[in-house]
Amino acid sequence: MTYLGDILTGATCRLVDLGGEAGFRRRLLELGLVPGTSLRVVRRVPVGGLLELEVRRCRLTLRTSEAALVQVEPT
Amino acid sequence: MAVATATPLVALAGNPNAGKSALFNRLTGGRARVANYPGLTVEREEGRVTLPVGGEIRLLDVPGTYSLAARSEDERIALLAVAGLPPLEVPDAVIVVVDGTQLARHLYLALQIIELDLPVVVAVNFADDLAKEGMELHSVELERHLGVPVIAISALSGQGMDELKRLVERVLAEPDSARPGPRWVAQDPTLLGWIDEVGRCVPEAWHRNNERRRRALALWAVLSLEPDDELHDVPADLRLAALSAHAAARAANRTLDEEIVRGRYDWIDQRADRFLRQRGQPRVSRSDQADRWLLHPALGFLLFAGLMVVVFQSLFTWADPMIGAIEVSFAWIGARVQELLPAGFLTDLLVEGVIAGVGGVLVFLPQILLLFFFIGLMEDTGYMARVAFIMDRLMRSVGLHGRAFVPMLSAYACAVPAVLSTRTMERQRDRFLTMMVLPLMTCSARLPVYGLLIAAFAAPNSEGSLTQGLLLVGMYVFGTVVALLAAAVLGRTVLKGKRVPLLLQMPPYRRPHLATVWRRMVLRAGIFVKQAGTVILLCSIGMWALLTFPKAERSPELTSAMAQVEAQLAAAPTPELEQQLVDLESSAAGEHLRNSYAGRFGRLLEPVIEPLGFDWKIGVGLVGAFAAREVFVSTMAVVYNVEAEADEENATLRERIREASWPDGRRVFTPLVCLSLMVFFALACQCMSTLAAVKRETNSWRWPAFLFVYNGALAWIASFAVFQGGRLLGFE
């Protein structure tokens, strides 16, 4: 199984499943991270432990620790 | 209950960074009334807009949100305001602002609002940026699919404003033309059954017998309610219904919220290519190029640090001439009034109480305006979203929000503008936690106090020595460390909050709209003067009264001595005699202060502060310092019979303080006592203006009271430890 945190910067993947608690999953869903959506990892900021994603041409950031809860498959 | 008024109410909703403030500013011409939503710390802004044919609307600025779903009362404001749930008024129409460059995600909110069956106009903002990125917006397609009027605008350049107003006018005249019904409807009968089951528990006051609205609110409940949400004003049976719907779906191996959100996004994804078309090759956006540097692991941090140095420098130094000008002007006005009016109680009240008090409020304005200028620039350009990105890990380690960094830094200059600037954080808990630790940062008002005390125990003529410098740096470090520790402790106890995932939309960089920045600066300054200012003014009049009354007669010895000197002066004036008179007047002022209520209160305090090594004269200084910390210096000057204008550099004051002794002849200001007093000043919330600002921002007296008590307790304990511990170790 692959998680969003494992995806290389610049690579794309498809969202498979969201982990974490209900509130977190809802927030991700409503920001457009619905299973089946394709994502691109735009950049990482190692100092802050953050990840920037592109979804539907829109930008989103989340913490690396939380990206580890997002299951993806590379495309 | 909502009262029907002749002027229609139009709500302006949109995602954060959709350019909503700039649009609000454009439409209202910058005039708005600000109040708090009942019982909350969220501000409600409303302005009037004249429509082309001549009608007028009230435009309501709804807090920015990417969804109507909510987990806390603060987040629920968006739903309350857009849908007009009781006790709020139902809007006659809603303008939804979407960012054209982030269209798909912003349409999600538009779909939710259309579901509520209110007349909607969609304004696609940043139309000019779309063109620059080689994208083409097809408003006609968007309008056809959404079923509501759509207009491409640019709030920055003003493009599309008249058309937007015309559309609002049309929609208000024919509401049904912009109420197309929900765009996405659950097709699956089981799913629909679950949703309608929840719909049965939506109160009538919410759905107002509109079936579309009932279903929209049922969807809201399904996406918002949880066993552990922080919503208080939701009927228990609605929550129960939402939870059982989730349970039923889980039993059938399905996920209710995912199916609903997916339904809406599928609707958008199937049409997105018709709404926006790419012409030519997509290129690396300028924002991405900029972020390569600005979010660079090392360089990004350095650039941020550089920017913060500028912000800090401006508050600390550039504000000074303006502050000085305000102080001089008010002193001048006071002096003129004193000349014009007959001497007496009312003149004293007017000059020393009211005029000085108003000056004491306005003196904060330069720093407030400067800080909100920088914050406005950072928010409008999109850099503020990156600040959380850059500072997240550092601030999170003590439980603070990444955006708390800017207020914390500003507090080194002054806690008052810093408290006001916590508003950049969306969550109430993050704001309150930051406010509770801001006063522990070493503000510039502590510098004169530290200056005096360091000078008091250092050997004369050793100014500027390394030890003194290090001691000052030590006080800065001490305040900062305690503030961070306090944040860590309070964040786990009093202001315990659920760990919130950091999910940020990264807006593209944009040119700031200076008119909007300016309007926000003026707005914040106005709110401060009106709401915190009145409290500060009343407190300063109170402080003046405490320090002035009772008006006792001068002691006979002093009166006769003064008469003697005056007589000699009249006969043959010499500089020595003039100095003698000044000294006698200072003695009289000192005698008066020692007998005043503040002086008596200082004596009363002595048993409480004696274990910290402080005598009652220091107690009087502490009472006076409540007006503002630097007042400690002038209060000590008066207590020690030095002229009141003395500052911390004044040689006589320094000397008197060095010589001050207890009745038994021991020195008062030993190095240990000075240290203990500095520690006290570092921690105690000795500042009525900060407390007034916290009262205004938390909309309650509870938080300023808590702040005062916990900072005071912390100060007492720390000073006790320093003084008694120091004595045990044999220091003096």
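Calculation criteria
- Residues numbered from 1 in each chain as written.
- Chains lettered and ligands numbered in written order.
- Predicted model: local features only at pLDDT ≥ 70, side-chain atom pairs only at ≥ 80, totals over all residues.
- Heavy atoms only, no water.
- Helix = DSSP H or I, 4+ residues; strand = E, 2+ residues; numbered from the N terminus.
- Buried < 20%, exposed > 50% of the residue type's maximum accessible area, 1.4 Å probe, protein only.
- Contact = heavy atoms within 4.5 Å.
- Areas by Shrake-Rupley, 256 points an atom, 1.4 Å probe, with all protein chains shown as cover.
- Lys, Arg positive; Asp, Glu negative; His and termini not counted.
- Charge placed at Lys NZ, Arg CZ, Asp CG, Glu CD.
- Polar contact = N/O pair within 3.5 Å; in protein donor to acceptor, adjacent residues only side chain to side chain.
- Buried area = accessible area lost by both parts, 1.4 Å probe.
- Salt bridge = Lys/Arg side-chain N within 4 Å of Asp/Glu carboxyl O.
- Nonpolar A, V, L, I, M, F, W, Y, C, P; charged D, E, K, R; others polar.
- Pairing = 2+ DSSP bridges.
- Phe/Tyr/Trp six-rings, centres within 6.5 Å; stacked < 30°, edge-to-face > 60°.
- Domains from an automatic or database assignment.

### Some words on the overall build of chain B
Along its length, chain B carries 31 helices and 10 strands. When burial is assessed residue by residue, chain B has 55% of its 732 residues classed as buried. Once local pairs closer than 6 in sequence are excluded, the contacts in chain B between residues at least 24 apart make up 73%. Surface summary for chain B: the accessible area is close to 30,900 Å², and the carbon and sulfur share equals 60%. Side-chain charges of chain B comprise 71 positive and 76 negative groups, with the mean position of each set lying 6 Å from the other.

### Notes on the environment of N209 of chain B
By the element assignment, N209 of chain B lies in the loop between helix 8 (204–207) and helix 9 (211–224). A polar contact is formed between the side chain of N209 of chain B and the side chain of E204 of chain B, at a distance of 3.1 Å.

### Considerations on the interface of chain A and chain B
Think of interface size as the accessible area that goes away when the parts come together; that is how it is often given. Chain A puts 33 residues into the contact, and the matching count from chain B is 47 residues. Around 3,800 Å² of area is buried between chain A and chain B when both sides are counted, 52% of it from carbon and sulfur atoms. Between the two partners, chain A and chain B, sit 8 salt bridges. Between D269 of chain B and R56 of chain A there is a salt bridge whose closest N-O contact spans 2.6 Å. For the pair chain A and chain B, the number of links is 19 residue pairs in polar contact (both at pLDDT 80 or more). Tallied by class, residues from the side of chain A that touches chain B come to 15 nonpolar, 6 polar and 12 charged. Here strand 5 (residues 58–63) of chain A runs beside strand 10 (residues 503–505) of chain B; their pairing, made up of 3 bridges, is antiparallel.

### Re unusual backbone geometry
Residue and element names in this part refer to chain B. Following P86, the chain continues to P87 via a peptide bond in cis, the omega torsion being 5°. Of note, P87 is situated in the loop between helix 2 (73–84) and strand 5 (93–99). Note that the residue after F549, namely P550, is joined by a cis bond; omega there is -10°. For D117, which is not glycine, the phi dihedral falls at a positive 65°. For D117, the position within the fold is in the loop between helix 3 (103–115) and strand 6 (120–125). Phi is positive for N641, which is not a glycine, with a value near 60°.

### Quick look at the packing of aromatic side chains
Residue and element names in this part refer to chain B. A complete count under the given rule lists 18 aromatic pairs over all chains for this structure. When the centroid spacing of 5.6 Å and the interplanar angle of 85° are considered together, the rings of W544 and F549 count as edge-to-face. On the basis of relative accessibility, which here comes to 9%, the residue W544 falls in the buried class. Relative to F681, the ring of F632 lies with its centre 4.8 Å away and its plane at 65°, an arrangement referred to as edge-to-face.

### As for the domain arrangement of chain B
Residue and element names in this part refer to chain B. Annotation of chain B at the domain level lists domain 1 (1–283), domain 2 (299–523) and domain 3 (534–728). Carbon and sulfur atoms make up 28% of the surface buried where domain 1 meets domain 3, a total of about 290 Å² over both sides. Considering only the side of domain 1, the residues that lose the most area to domain 3 are N36, T41 and E43, jointly responsible for 87% of the buried surface there. Where domain 1 touches domain 3, the interface holds 1 salt bridge. A salt bridge links E43 to R696, with the shortest nitrogen-to-oxygen separation between them at 2.1 Å. Inspection of the domain 1/domain 3 interface yields 1 residue pair in polar contact (both at pLDDT 80 or more). Class assignment for the residues of the side of domain 1 that touches domain 3 results in 1 nonpolar, 2 polar and 1 charged.

### Notes on the pairing of strand 3 (residues 38–45) of chain A
Residue and element names in this part refer to chain A. Strand direction decides the pairing type here: strand 2 (residues 12–18) and strand 3, joined by 3 bridges, are antiparallel. Bridge pairing in strand 3 places T12 opposite R40. Direction of pairing for strand 3 relative to strand 4 (residues 50–55): antiparallel, over a ladder of 6 bridges. By the bridge assignment for strand 4, L39 is matched with V55.

### A few points about the environment of D291 of chain B
On the secondary structure map, D291 of chain B appears in helix 12 (residues 286–294). Judged by its relative accessible area of 1%, D291 of chain B is buried. Look past the residues within four positions of D291 of chain B in its chain and what remains in contact with it is R43 and E52 of chain A together with H296, R386 and Y509 of chain B.

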